[in-house]
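Single-letter residue listing:
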Amino acid sequence: MVLKFPYRLAPAGQIIPSLPGRTVRPRPVVPITLIGPHGAQPFYGTLDTGADDTVFPETFAALVGVDLSGAPSCSAQGVGAPAVTLRYAEVVLQLSDGRDRRQWTSWVAFAPLKLPRALLGFAGFLQFFTATFSGDVEEVELEPNHLYPGI
Amino acid sequence: MTAKNRSFIAPDLGEFVRNQPRVIPLELAQKYGGKHVAWSLKADEILAFGDSLEELIEELKNRGLEPSQAVLDYIDPPEQAWLGWS
């Protein structure tokens with residue numbers, strides 16, 4: 001079954017020059033639950049086709065009981081930002097659109113950054129779905145593909 | 001890690017997703033813009049807020065609330081566009 005998520009409409013408080021006539025910015029953000037060995041934490045994430053990895057703030061690792069000591073690591077860099085070290089762990093992710101629920105195990109990164117939202121990038125998230133971003137109706141559809149490892 | 005070896009149940013976000021506001025009201029964005037907030041699982045109330053995730057989590061705990069029983073969010077400040085993570 002396809003999961004559907006309408007874009008969130010965030011007020012800009014003014015007419016947006018690049019979206020003539022509009023005062024809200026559509027953003028593909030979805031609530032997702034990060035599940036570790038000792039806990040679960042619902043959090044919003046941004047569906048980000050430009051992100052190589054799925055990334056959560058390091059604060060969450062302790063919340064759900066993920067031990068990052070000795071974790072595999074990699075360097076990463078955001079737009080206009082200095083490089084940081086990402087540390088990786090295997091977790092469970094759970095996603096619901098209010099009708100259907102999906103849960104799968106994947107490798108995600110934890111960053112020493114003050115991320116406003118998780119980055120739901122290719123590895124660990126988008127690799128498992130056929131994602132259709134409909135700019136006209138401002139909705140994203142996620143259909144599990146043959147790589148999807150969950151239930 | 002599998003569901004079998006867990007001793008807790010992750011909250012069901014079905015009701016939250018059905019109830020969450022698609023449009024963030026301007027008044028809410030003006031009040032909480034730039035803050036981390038914790039929504040109730042019914043998406044009908046902001047339980048706590050903070051300038052950082054760490055402050056928000058501390059505030060939830062100070063109120064006797066489990067962070068896992070809330071959906072943590074960030075309210076974008078009005079007039080701020082995003083280009084990528086930094």
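Scroll up to find the structure.
Residues numbered from 1 in each chain as written. Chains lettered and ligands numbered in written order. Predicted model: local features only at pLDDT ≥ 70, side-chain atom pairs only at ≥ 80, totals over all residues. Heavy atoms only, no water.

Caption draft 1: Expanded view of empty space enclosed by the protein. Overall, the coordinates contain two cavities of 30 Å³ or more when judged by the stated rule. What the largest cavity holds in volume is close to 40 Å³. Lining of the largest cavity is provided by A:A10, A:P11, A:A12, A:R25, A:R27, B:D76, B:P77, B:P78, B:E79 and B:Q80. Among the residues forming the lining of the largest cavity, the class breakdown is five nonpolar, one polar and four charged. For the second largest cavity, the calculated volume is near 30 Å³. Every residue lining the second largest cavity is listed: A:R8, A:A10, A:P11, B:I24, B:A29, B:Y74, B:I75 and B:D76. Here the residues of the lining of the second largest cavity sort into six nonpolar, no polar and two charged. (1 Å grid on protein atoms, 1.4 Å probe; cavity = no way out; pocket = protein on both sides within 12 Å on 5 of 7 lines; lining within 4 Å. Points joined across faces, edges and corners; volume = space filled by probe spheres on them. Nonpolar A, V, L, I, M, F, W, Y, C, P; charged D, E, K, R; others polar.)

Caption draft 2: Highlighting the sheet that holds strand β11 (residues 129-134) of chain A. Residue and element names in this part refer to chain A. With antiparallel pairing, the three strands of this open sheet are ordered in space as β1-β12-β11. The sheet terminates laterally at β1 (3-6) and β11, the two strands that pair on one side only. Across the sheet, the mean angle from the axis of one strand to that of its neighbour is 15°, orientation sign disregarded. One ladder, built from six bridges, connects β11 with strand β12 (residues 139-144); its direction is antiparallel. Its bridge partner lying in β12, S134 is registered against E139. (Pairing = 2+ DSSP bridges. Helix = DSSP H or I, 4+ residues; strand = E, 2+ residues; numbered from the N terminus. Axes fitted to C-alpha atoms, helices over the stretch in contact; angles between N-to-C directions.)

Caption draft 3: Quick look at the nonpolar core. Formed by 40 residues in total, the largest nonpolar core has its most connected members in A:F110, A:F125, A:L142 and B:L72. Each residue touching A:F125, except ones within four places of it in the same chain, is listed here: A:I32, A:L47, A:T54, A:L93, A:L95, A:W104, A:L120 and A:L142. Core analysis: the next-biggest nonpolar cluster, separate from the first, contains 16 residues, B:L13, B:I24, B:Y32 and B:V37 among them. (Core = buried A, V, L, I, M, F, W, Y, C linked by side-chain atoms within 4.5 Å. Buried < 20%, exposed > 50% of the residue type's maximum accessible area, 1.4 Å probe, protein only. Contact = heavy atoms within 4.5 Å.)

Caption draft 4: Representation of the interface of chain B and chain A within the structure. The interface is formed by 41 residues belonging to chain B together with 51 residues belonging to chain A. Between chain B and chain A, the buried area comes to about 4000 Å², and carbon and sulfur atoms account for 61% of it. On the surface where chain B and chain A come into contact, there are four salt bridges. A salt bridge links A:R27 to B:D76, with the nearest nitrogen and oxygen atoms 2.9 Å apart. Applying the counting rule to chain B against chain A returns 16 residue pairs in polar contact (both at pLDDT 80 or more). (Buried area = accessible area lost by both parts, 1.4 Å probe. Salt bridge = Lys/Arg side-chain N within 4 Å of Asp/Glu carboxyl O. Polar contact = N/O pair within 3.5 Å; in protein donor to acceptor, adjacent residues only side chain to side chain.)

Take it as geometry only, folks, not as evidence of what the structure does.
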